Each structure stands twice: as C-alpha cells, then as structure tokens.
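Inside the fold
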Amino acid sequence: MALPFIAGAVGTAIIEKLVDTCFSYLEVVYPAPSGMQDELERLQHALPQVLAVLTAVEGGAPDMVENKALDAWLWQFRDAVENAEDVLDELEYYKLKKTREEARDGEVRGFLSNFKRKFNSSLSDFFSNDTRKRLREAVKGLDRVVADMGPFLQLVTGFYGPSVKRQQLEDIIKARQTSSLLTESEVLGRDKERDQIVEWLIKPGDVNVDVSAYTIVGMGGLGKTTLAQLICRDERVREYFDPIMWVCVSLDFDAAAITRKMLDYSCSTSLNALHEDLKQKLTSKRFLLILDDVWNDDKMTEWEKLVAPLKFGQRGSKILLTTRMGSVADMAATVTKCKRESLNLNELKESDYMSLFNKHAFLGVNPDDYRNFQPISEHIAKKLGGWPLAIKVMGGMLNSYMDYEYWKKILEKGNMKLQQGNDDNMTVLRLSYDHLPTNLQLCFRYCSLFPQNHMFKRKKLVNMWIGSGLIPQSICGRQRPEDIGKEYLNLLTRKSFFTCKTSDNGSKIIIEYFMHDLLHDLARSVSQGECIRIGGDVARITNIPRTIRHLSVEIVKLLSIGEISALKNLRSLVISGKGYNMDNADYVSEFIEVIKGFKKLRLLSLCKNFDFSKSPDAFDSLIHLRYLSLPRQFILNKNIEYDGMTNLVNLRSFDVSDDVIKNIPYIRKLPFIHKLQNFIVQAKSGYKIGELKNLRDLRHLYIRGLENVRTSEEANEAKLNEKEHLKSLSLKWSAHCSNSAEADEQLLDNLCPHKNLKKMCIQQYQGAKSPCWMTNLSLVNLTSIELIDCKGWEHLPPLGQFTSLQYLHLKRLHAIKQIDCSFIRSSSGCAFPLLKELQLWGMPNLEEWIGVDNGCMFPQLHYMYITDCPNLGEIPILPYSLRRLQISNVGLTALPTINRNYTDNNQQEHFPALESLVIKQCEKLEYVPTEFFQKFDTHTVLYVEKCPQLTKHLISVFSDIQQPSILNCLTVGSCGDLEVPLLQLLPNLTSLFYLVLVDCASITSLPPAQACARWTMLSILVIKNCKELSSIGGIQALVSLRYLKIEGCDKLIEFALLLQPPFPNDAGQKEDAADCLLKDGELSIDHHALLLMEPLRSLSSINELTLFDALLTSLPEEWLLQNHAALKFLSIWNAVSLQSLPQSMTKLRSLERLKVNDANLIQSLPNLPTSLRYLWILECHPVLKERCQENVGLDWPKIAHIPNVWIEQLQSDDDEIDSIF
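Treat the numbers as computed from the prediction; the structure is a model and nothing was measured.

**Regarding the overall build of the protein**
For the protein, the count of helices and strands is 41 helices and 39 strands. Classification of the 1221 residues of the protein by burial places 55% in the buried group. Taking contacts inside the protein between residues at least 6 apart in sequence as the whole, the part at least 24 apart equals 67%.

**Quick word on the packing of aromatic side chains**
Applying the stated criterion across every chain yields a total of 19 aromatic pairs. Here the aromatic rings of Tyr1174 and Trp1206 are separated by 6.4 Å at their centres, their planes lie at 0 degrees, and the arrangement is stacked. Here Trp1206 lies in strand β39 (residues 1204-1209) and Tyr1174 lies in strand β38 (residues 1174-1180), a separation of 32 residues in the sequence. A cation over an aromatic ring shows up here: Lys920 above the ring of Tyr943, its NZ or CZ 5.5 Å from the ring centre.

**Section: helix α18 (residues 388-399)**
Spacing of three or four residues puts side chains on the same side of an α-helix, whose turn is 3.6 residues. Its 12 residues place the ends of α18 16 Å apart at the C-alpha level, agreeing with the 16 Å of an ideal helix rising 1.5 Å per residue. For α18, the tally of buried residues reaches 12 of 12 residues, placing the bulk of the element in the interior. Listed as buried for α18 are Pro388, Leu389, Ala390, Ile391, Lys392, Val393, Met394, Gly395, Gly396, Met397, Leu398 and Asn399.

**Details of the environment of Ile380**
Following the sequence through the fold, Ile380 ends up in helix α17 (residues 374-383). Considering only alpha carbons, one finds Ile380 and Leu411, 31 residues apart in sequence, at a separation of 6.1 Å.

**Quick notes on unusual backbone geometry**
For the bond running from Asp242 to Pro243, omega is 5 degrees, close enough to zero to count as cis. That bond from Glu1094 to Pro1095 is cis: its omega, 5 degrees, falls within 30 degrees of zero. Here Pro1095 is to be found in the loop between β34 (1082-1085) and β35 (1104-1108). You will see that Asp293, though not glycine, has its phi angle at about 60 degrees, which is positive. Mapped onto the elements, Asp293 comes out in strand β3 (residues 288-294). Phi at Asp1158 is positive, roughly 60 degrees, even though this residue is not glycine. Tracing the backbone through its elements, the reader meets Asp1158 in the loop between β37 (1153-1157) and β38. You can call Asp1158 partly exposed: its relative accessible area is 21%.

**Concerning the sheet that holds strand β1 (residues 211-217)**
Overall, parallel pairing links the 5 strands, which are arranged β2-β3-β4-β1-β5 in an open sheet. In the strand order of this sheet, the two ends are held by β2 (244-250) and β5 (342-344), each with one partner. When the angles between neighbouring strand axes are averaged without regard to direction, this sheet yields 15 degrees.

**Concerning the nonpolar core**
One recurring pattern in soluble globular proteins is that nonpolar side chains are buried together. With 194 residues, the main nonpolar core has Ile762, Trp849, Met864 and Leu1083 as its most contacted residues. The element best represented in this core is helix α26 (residues 585-596), accounting for 5 residues. If we skip the residues at most four places from it in the chain, Trp849 touches Ile819, Ile824, Leu838, Leu840, Phe858, Met864, Ile866, Leu872, Glu874, Ile875 and Pro876. Judged by nonpolar contacts, the second largest core, of 38 residues, contains Tyr446, Leu461, Val462 and Val526.

**Let's talk about the packing of helix α12 (residues 255-262) against helix α13 (residues 271-282)**
α13 packs onto α12 with a crossing angle of 35 degrees between their chain directions and a minimal axis gap of 10 Å. For the element pair α12 and α13, the recorded crossing hand is left-handed. Contacts from Ala255, Ala256, Thr259, Arg260 and Met262 in α12 reach Leu271, Leu274, Leu278 and Lys281 in α13.

**A word on a positive patch on the surface**
The grouping of Arg458, Lys459, Lys486, Lys675, Lys727, Lys758 and Lys759 at the surface amounts to a positive patch. Locating Lys486 in the fold gives a position in helix α23 (residues 481-494).

**A look at the confidence of the model for the protein**
Residues of the protein with pLDDT of at least 70 account for 78%, and the chain-wide mean is 79. Note on residues 157-183: pLDDT is under 50 here. Beyond four places in sequence and across chains, it has 51 contacts. Long-range and interchain partners of residues 903-912, a stretch whose pLDDT sits below 50, account for 11 contacts in this model, where long-range means more than four residues apart.

**Details of the packing of helix α9 (residues 191-202) against helix α10 (residues 224-233)**
How two helices pack is summed up by the angle between their axes together with the distance between the axes. At a minimum axis separation of 10 Å, α9 and α10 run at an interaxial angle of 55 degrees. Between α9 and α10, the interaxial angle falls into the category oblique. The handedness of the crossing between α9 and α10 is right-handed. Where α9 abuts α10, its residues Glu193, Arg194, Ile197, Val198 and Leu201 lie against Leu227, Leu230 and Ile231. Looking at the contact of α9 with α10 residue by residue, the class counts come to 6 nonpolar, no polar and 2 charged.

**Some thoughts on the pattern of salt bridges**
Within the structure shown, the criterion is met by 41 salt bridges. Its salt-bridge partner being Glu482, residue Arg480 comes within 3.9 Å of it at the nearest N-O pair. In this structure, Arg812 and Asp789 form a salt bridge, with 2.5 Å as the shortest nitrogen-oxygen distance. You can see Arg812 sitting in the loop between β20 (807-811) and β21 (818-819) and its partner Asp789 sitting in the loop between β19 (784-788) and β20, a full 23 residues away along the chain. The class for Arg812 is partly exposed, based on a relative accessible area of 33%. Here the salt bridges share partners, and the residues they tie into one network are Arg78, Asp79, Glu82, Glu85, Asp86, Arg445, Glu530, Arg549, Arg571, Lys600 and Arg602.

**Digging into the environment of Gly973**
With respect to the helices, strands and loops of the structure, Gly973 is situated in strand β30 (residues 969-973). As a C-alpha pair, Gly973 and Gln921 span 52 residues in sequence and 9.8 Å in three-dimensional space. The contact partners of Gly973, leaving out residues within four places of it in the chain, are Val944, Glu945, Lys946, Glu979, Val998, Asp999 and Cys1000.

**A few points about the sheet that holds strand β9 (residues 531-534)**
Picture the strands of a sheet paired through backbone hydrogen bonds; they go either parallel or antiparallel. Here we have 6 strands laid out as an open sheet, ordered β9-β10-β11-β12-β13-β14, and parallel in their pairing. Only two strands of the sheet have a single partner each, and these edge strands are β9 and β14 (653-655). Adjacent strand axes in the sheet meet at a mean angle of 5 degrees when their direction is disregarded. Sheet topology places β9 next to strand β10 (residues 550-553); 4 bridges connect them, and they run parallel. By the bridge assignment, Ile532 is partnered in β10 with Leu551. Against the sheet, helix α22 (residues 458-467) contacts β11 (572-575), β12 (603-605), β13 (627-629) and β14, and its axis sits at roughly 125 degrees relative to β13.

**Some words on the pairing of β38**
β38 sits mainly inside the fold: 5 of its 7 residues count as buried. For β37 and β38, the ladder comprises 5 bridges, and the chain directions are parallel. Within the sheet, the bridge partner assigned to Lys1155 lies in β38 and is Trp1176. In terms of strand pairing, β38 meets β39 through 6 bridges, oriented parallel. Bridge pairing links Trp1176 to Trp1206 in β39.

Reading the values: rules and limits
- Residues numbered from 1 in each chain as written.
- Predicted model: local features only at pLDDT ≥ 70, side-chain atom pairs only at ≥ 80, totals over all residues.
- Heavy atoms only, no water.
- Helix = DSSP H or I, 4+ residues; strand = E, 2+ residues; numbered from the N terminus.
- Buried < 20%, exposed > 50% of the residue type's maximum accessible area, 1.4 Å probe, protein only.
- Contact = heavy atoms within 4.5 Å.
- Phe/Tyr/Trp six-rings, centres within 6.5 Å; stacked < 30°, edge-to-face > 60°.
- Lys NZ or Arg CZ within 6 Å of the ring centre and 35° of its normal.
- Expected span 1.5 Å × (residues − 1).
- Pairing = 2+ DSSP bridges.
- Axes fitted to C-alpha atoms, helices over the stretch in contact; angles between N-to-C directions.
- Core = buried A, V, L, I, M, F, W, Y, C linked by side-chain atoms within 4.5 Å.
- Left-handed = near helix turned anticlockwise from the far one by under 90°.
- Patch = residues over 30% accessible without salt bridge, like charges linked within 9 Å, V, L, I, M, F, W, Y side chains within 5 Å.
- Areas by Shrake-Rupley, 256 points an atom, 1.4 Å probe, with all protein chains shown as cover.
- Salt bridge = Lys/Arg side-chain N within 4 Å of Asp/Glu carboxyl O.
- Lys, Arg positive; Asp, Glu negative; His and termini not counted.
- Charge placed at Lys NZ, Arg CZ, Asp CG, Glu CD.
- pLDDT = per-residue confidence, 0-100.
- Parallel < 35°, antiparallel > 145°, perpendicular 65-115°, else oblique.
- Nonpolar A, V, L, I, M, F, W, Y, C, P; charged D, E, K, R; others polar.

Okay, structure coming up:
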C-alpha cells in the first residue's frame, strides 16, 4: 500500500529549498555543471503536481491506497527527498561548524536565520568535492523520480468535495483538547460480568488452597482489561483485599520481571531477593493480584516461580487474569491447584454498544444539534460488531470530524463491510489510522519500535520523535519542536491511540502512556518496510527490508551485524542489548565500524552494557545525529578527551555518562543540547564556565567545580539569566576547596538563573550569605530547593514566600542555629502554601525553630523528615495534612500538637491522616500528644527506638485510648521501662502483621500462647539483640506467621544449649496449633542450638532456612530431614567452622537452592538432590574448587545436573579489585 512518509507541504518544501540552494550555488560557480540548470527548472515547475499527488496519498484516495506502482514510486521519491534533505543538512552543518570556528562567540540563532536566505558569494567555500557530488546526485535523483510521476496525476482529481477537508498541521496544533480527553468514568454493558466476578472474588476460598485464580478470556479489543479495571475499582473488592496489585504481563512471561512489577521495583535484582521482598509484602495479607494480558500457557517452571511467594498471603487471596487464550486459564488452575474458574467475554449488546459509540462520537457536543447524524451513526456502530475498543477508537475519530458528508463517506467505504473474524478490530483501527494526519501517522508508526505494553514517558518519546526527524524544524515555525511533539501525543491520546496513566509515588505525580496490544499490532502492520523491532530469542536477523528507516534490536547473535550493516537508509537505531553481553572487544569493534557506516543516522541509542570507551571517536562522523544515548558505564581511563563529540552540532538530546561529559572540550559547539548533567569547570581552555554562554536550549544543567571560576565577570559569561528554557539547575563546589566565603558569595550572586527555573540545588557552597536572587524572590516559579553541605551558610533566605515551592531539602547546613521568622514569613498570609515535603538533615547547631503567630504554615505538607539535629528542642505545630513524620536523633522533649485551625472543613476528606510515625534516637523525648493516636484511624506504621524517656506517658496513651486497630507495622527498640508494659499491651493490636523487637534489654519472654493467638495477622516477627530473652513464649499460636528471625539473643542460646536431641521422628503426626507455625515459611537464626527449642524443634514444613552461625561444624541433619518435603532454600552464612555437608543431602527432595558462604573448610561434596537448581559455595577451599572443575573434577558428576553453579575460592584483595573491574 502507498505509505505516506511526510506531509506533502513538507516534502515540497524540501525540494524547493534544494532548488533555491542550487540556484544560489550556480550563481557563484562557473561553469555550471552540465544539465543542472534544466533539471532545477523542471523540478521547480513540477512542485504543484508533486504536492497534489502527496496530498492525495495523505488523504487516502481509494484509487491510490492499494496501487503497487504508486507504492514503488513513493519509496523512490522518499529516497530522493531524504537524500536531498541529507545534503541540505550537511550544508548547514558545515557552515555552522565553520562559523563556530571563526567566531566562537557568534550568535547561533542569528546565523541560522540568515542561512535561510540565498547564499552569498562565499557559498562555494562550504562545498567539498564530496558535497558537490552529493548535491548534484540529489538533484538528478529528484528529477528522475518526478519525471515518472505523470501516471499518478490523473488519480488525484475529484475525490474530495468542498465539505470534506483534510485537517492541516496548524489545525492539529490548535485543536481543542479538553472535550475529547477520554477518561473511563463509566463502563457500559459490563455490570453483569463485573458482579459475577466480584462475587467470586469476595467469597471464602477453598480451605485447602493458598491462592485461587479466575480468568477473563476473550479476543483483543473486547474490553478484558477495562473489565478488570472496573473490578479493581469496585468498593467491595477494595474493602476485601489489601494490597491490590496490577501487572501487565503480555508476551514476555518472566517470573522475576513480573515479581519486580508487583513490588514496583525498577532496578534489577535476583529472583531470590524479589521473593523475599514479596513475602514480606504479602505475608498474612489478603491480596488480589491482577495479571493482565497473559499469553504464556506452557512455561510451567516460570509459573511455579511466580506463584511460590504468593502462598504467604492470607487464605482467601485471589488472582485475576485476562487473556486471549483459554489454555492460560487451564495453566493458572493447574499451578494454583484450584478449580478452573473463567469467564468468556463476549461482544457488547446492541443497546450498550450504541451508548458507548454515542458517548465517544458525540463527546463534547450536543447530540440534538446533530440529529441528522443519528441514522448514519447507528449503521456505523452496527458494522463495528460490539467490540468496545473498535467502537471507542472509531467514535473518537468521527468526533474529530463533525461533518455529515464525511460521516456518510465513512459509512459507504467498502472496508467498513466487516466480516466476522480475527481481523475485525484491525480493519476498523486501520480505518481510524488512515484518517490521522500524516505527521501523526508517522509518530504512531514509530511506536512499533517498542515492545508491547511499553510504558512511554512523554519527554523521552517526544525527544525520540524529534531526534528521528519526524518533527522537522521546517514545520515548527515559531513553536518549539517539543511543544509540537506534546501536541501530537495529546492528539493521539485523545483519539485513543494512547491511554494516559497517572500515578503518585509519594513524592511526585508520574504520567505515563501505553498503547493497547491491538493498537501495537496495528502500528507494526502499518509500519512494514519503514520500522521494525527484532527481539526475544531470535537466533539470526535475516531478510530485513532495505527500505527500513527505524530499527530496534535486541542483540542476540553476532550474525546480526552483517544484516544490519546493509541498511544504508537507516535513520534510527536502538540497541537494547537484552540477553547479550557486549563486552567482547572484537564484537564491539566490528559493531562500531558498522555504526560509522550509517551516515544518515539521526537517532542512536545503545544498551547499558555496550563499551565504546576504547573507541572515543566512534560517533564523530555521524553529523546528522539529533539524539544520542550511550551507556552510563564506568570509564577506566578518565583522561580520554572526547573532542570529536563536538562535531555533532545538531544534537538536541544527549544522554551519556558523566565521565564522558566532563571530558568534552568546547561544549559550546553543541548549541542545541537540552541536558548537561556533569559540566565540570576547569581552568584550562575549553572547560571554562563561559562555554555555557550560547547553550540557550538547555533544560537541565548541573555545574561542578565552581571553585575554578576565578572572577565574577567570568561567572557572568555563563549567561544563566538568559536561559529561559532552563527547568533545573545544580551548582556545586568541590569538597575541601580553598575558596574564601566572600569569593563564593560574589560568585553565587553572579550565577542568577532565569525566573522560569523550577528546580534548584546548591552544594558545597562556602559562603555565609544567601545570594541576592534568593532574597529578592525573583524565582517565582521554583517548586524544589535543595541546599546541601553548605556548611558556612548562616541565615536562610525567606523561602516561605516562594509560593510555588513543593519540595524543600536542607542537608548538613552546620552553621544554621535558628530558623526564624525571616525564613518563614509570607506576604500571602500563609507560609509555604504548597509545600508537600520538608527534610532537615544533619544540622547539629540548629537550636531554635520559631513558628508563626497564626499557625498557618505548611497547610499541604505530607512528609516531614528531621534527622541528626540533636540540639533542636522544639518544632512548630504540625499541619493536619501530614502523612509521614520521621524524627531521628533530634533533641525534642515533646512532639508538637496538630493544628487544624487554618484547615477547611473538608480537609480530612482531601488529605489522609498520619500513616507513619517513626521516632529514633530521641533520648530526651518524653511526650507524644494523645491526638497522634486518637485522631488518626489510618495510622499503620509506628517505629519507636532508643527513646528511653518515652515510657509511662506512651504506656498510658496505649492503655487509655482505643487501640488503633489498623496499626500493622510496629518496631520497638531500646526504650527502657517502656518495653515490658508495651509488650503486654501489644496483643490488643490485632491488625499487626510486622513486629520487630530490637535491643529490648528488659524483655525476658514473649507473650504466652493465649495472647499470641490474638495476633491473627502477624506474618513477620524479628527479635534482635534482646540479650535477656530466655523464652519465646507461645509463638506456636501465631497461625499466620511466615517469617521468623532470631538474632543476638544470648540467654536464649544459653537455654537452648542445655537441651538435647533427639528430634521427633514424625512431627507431622501431631495435630495442634504448632502445625500452622511457619508453614511453608522462612526461619532465620544465628545459632543452630535454637532448633532444639520448642516449637522450633517440631517444625516440619519450613520452606527456607537461613543460618548465620560461625560455630556450626555440621548441619542439623535430623532437623533438615524432618523438613525434607518442604525445604526449598537453604543458606549458611559465615560457615567458617563447617567441615562438610552430610551424605543425607540427597534426601532433601524439594531443595532448589543451596548457598554456603565462607566455606573455607569444605574440601569435597556429597551427592546432591536432583531437585537442586542453584548452588553457591563461596570463598571455598582451593581443593573443592579443583574437584568441581567442569568435566574433569572428581566432584563434577555430583553437580553436573545443576543448571546454575557458582563455586569460588577466597580471593586476595588484589584479585577482588581485578574482578570488580
């Protein structure tokens, strides 16, 4: 099909610019190249016809969509236009480069404006022989392609009537956004399905099943995800489950990745660590896990890994899945060992899909004004067949063109006559895509480079669109490309090609975009020949179309290099590197040579493990680059200068490691970059602060080494006050610099940023005074201020008057003695009206904090952290909006009260009450207001440690008021007389699931069984360094306990050492409360003798055992055999005395992971169980290392069946350093 690749107006503009450039060139070159004058005149005359053909293709004229001859001609025309664009870009590049070299302080913007005019007599100076040749070839190529255009002109006439007009770019940018922004405030036609599933979810589960599953099955676009979201928001569900977790699984079914999403982790970590964290999160909680868009139905092992930690949740926990395949429902039932429960989702009923269609098609308008549209809308909706996604997209598309003739033409189109089958949705979505403007089509197709269910960040996606040339400067006029890119994304979202997701991570609102899988399929379909993503387990990359412009690859095999190297028209290259370690020097060298050959490249993004440090000139010749993202790797040779990087004068997005940035001299040669995160000022030429002068497009700037700025005049050369687009600025001096306070003060005064700045960070400033631009309140848009390690700063500026401020962090300001009225005062009558987070860290001389008379301060504060302020004796009244309060090593004798006088009557509805109270190392603290517990029914976390004076008062608080039953996390440590009475009151806290007792010297015994039985939800119990503890009481009554850790309890060990084996022969024959203790749970102890104490002695279903025991000479063999059916993970730490592993290891038939650290005495291995999948023996004896050598060692046959083995002997310090690098 004919693929519009550029708006007609843009394509002809490129040709027109090429013609003008060449005519100017001919004026100064004699004799003129043969035939060039005629070719240029023909092109000039043909421009209207070219525009007509391109406009017809954009409009989707029916005779042009499936015309193979036109398709071939368009690809030829695209090649010719892009060649012309490259030549023009090259001319601008060389002239810009030359101008920069001749006048280093010249005005870039003025030059570019002048360059748009005809060349002057010096034009020929910029033409190398190669450039002349390419210019001549570009003209010939366009002339040749345009000459073949004639047969297509006759197809253009007469398609569009006067009432149907294609929306032009300026209309797109100005389009009304508010009325079409789709938010699913209601879901039509799914009430019955919702109620059916909700009733199943909240009914009691099978007593013999830890967690059960329900699956929603249906084709793509039927609304499976929407139904799951509706269920997730149902009040019955929200009241019954906590937590509720949502994970979009899609094609890549990986247990670790799914678990990471459940935990909201972005960094990589081991599956074992993930399981540990997930167990802690879920233990004794009745959770609901939604697994959306599941495809895998055959990876039994991965499913088992995923489900393993889920059984630690409370019985009645559920899993809800959505999938296109009924076989996934079978797999879910099998792996959870429950009955198969599912719902096959069908199309909407007629009344429902008509309501849904009308909702989207007439959004933002009065339907009564369009009554003549109703018959057409009914026919269109019926042809969509009740598929919600197709109806939503089609309705949104029609809503953008409220023209009767247009709607009628849509109805009459042949491809609206849908046949029932798998392509129904694709046909409708394709029709909606065809009616997008060409520029939006380009951006939508580009998204096929990303995997399904990718969460797009707006800024990165827009920057990639711009970098790849999809939003050329020529169409922007006076607007910034970034603003146009945001408009494009908003339009695509309004038209339902993207869905916007907003979340609050506690400190900021996160906005992300995602694309439905059906729309992703559409993007892949319509981008064939232009964009391609190659990933997963592809063994070899073959048959890539030579027309490809944008390529995304997960490198797997070396054989892919040759195939990639043939793509000479490539404009975007993204290498993710998943599953392949690109440390091979030969491979990297070969790959870099391939990259150098991509002369047309606009965007290059390489994976995190791609090492280019040995080829610092790898990218210097890619002069068309706008977007460069390189791995943030550790550079061993820190003296390498990357001076060639400044050849890339067109760069806008520049994301490289700090070690690279700091070694790029003359950074001013990159005038369009948006982010400079590690500019280190140096005294030598090319690194002075004046290099920043003309970088007026900067959005984010981090300047270090400010002590190397010698004069105030030199500081002025940075022109920070002229950088109107700058959003965040960090200023940092080096530690231990010898500048005087006066010098730093003068310097900071001259680094005044533009008033548009939003985020400011100042570090290691040695001055005592605040800069004038912070005291005169010129930075009215600041939302975040960080002052860090400014140890001489004596008086804080009047930050309370920064009315936009939301985040304030003051850290290690050693000279601050008082926070007074000048800091707090506000002309608006309320200090810090929008502040959400306040942190005071490491201010040892802070003694006084004066509040305000009317108490109106921090009315919207959510988080307050005060740490290491030992002389601060008092803090002002706290706002009612506060959610989290942490006080650590502060000299308070009492916590302040809560002030509600200046809050509105509805504030309790808008702001959750205090959720978390952490008090540590406050040795003077005697009083906590009763209201902290009386007024906060959402109080969930209480942490009190090393507060010896907080005794009788807190006990009376807990005794006299109604217990905060929702309290579920409690830590008590080193609190003197408070410990024993508090322990006696704890059984009243029936919602506890996490309890930590640390350094409690007064506690000799845990509560008896009768008291422990009230902790029905307690899942995690940690007892650490309770030296006088000699009894673990009645913990056998903790029926929900899944994790128990005992460490540093000396008397308990002494008592245990008096006990003797044998262990029970068959603990499983007993039927009492002890059978539930730590069932499939984890036990962590620091002395093996603790296993001789009841109820630990009788445990028989432990899933994981961790021993930290330097005195352990042999494993507790009988106890291990007692747990042989359940034990999966065994870890021995500090095994310096362990001499061997027992021969009975083979009987641990469920063991999957065995880890032994510091095993320097073990010289051989016994036979190991066949179930073992991971084996770690670290810092082992050299003999063992030798015996385990692959294929030759004496013990190799004993471990050959284990897929993952790490046996490493003790390294010297030098060896360890070498291994790190």
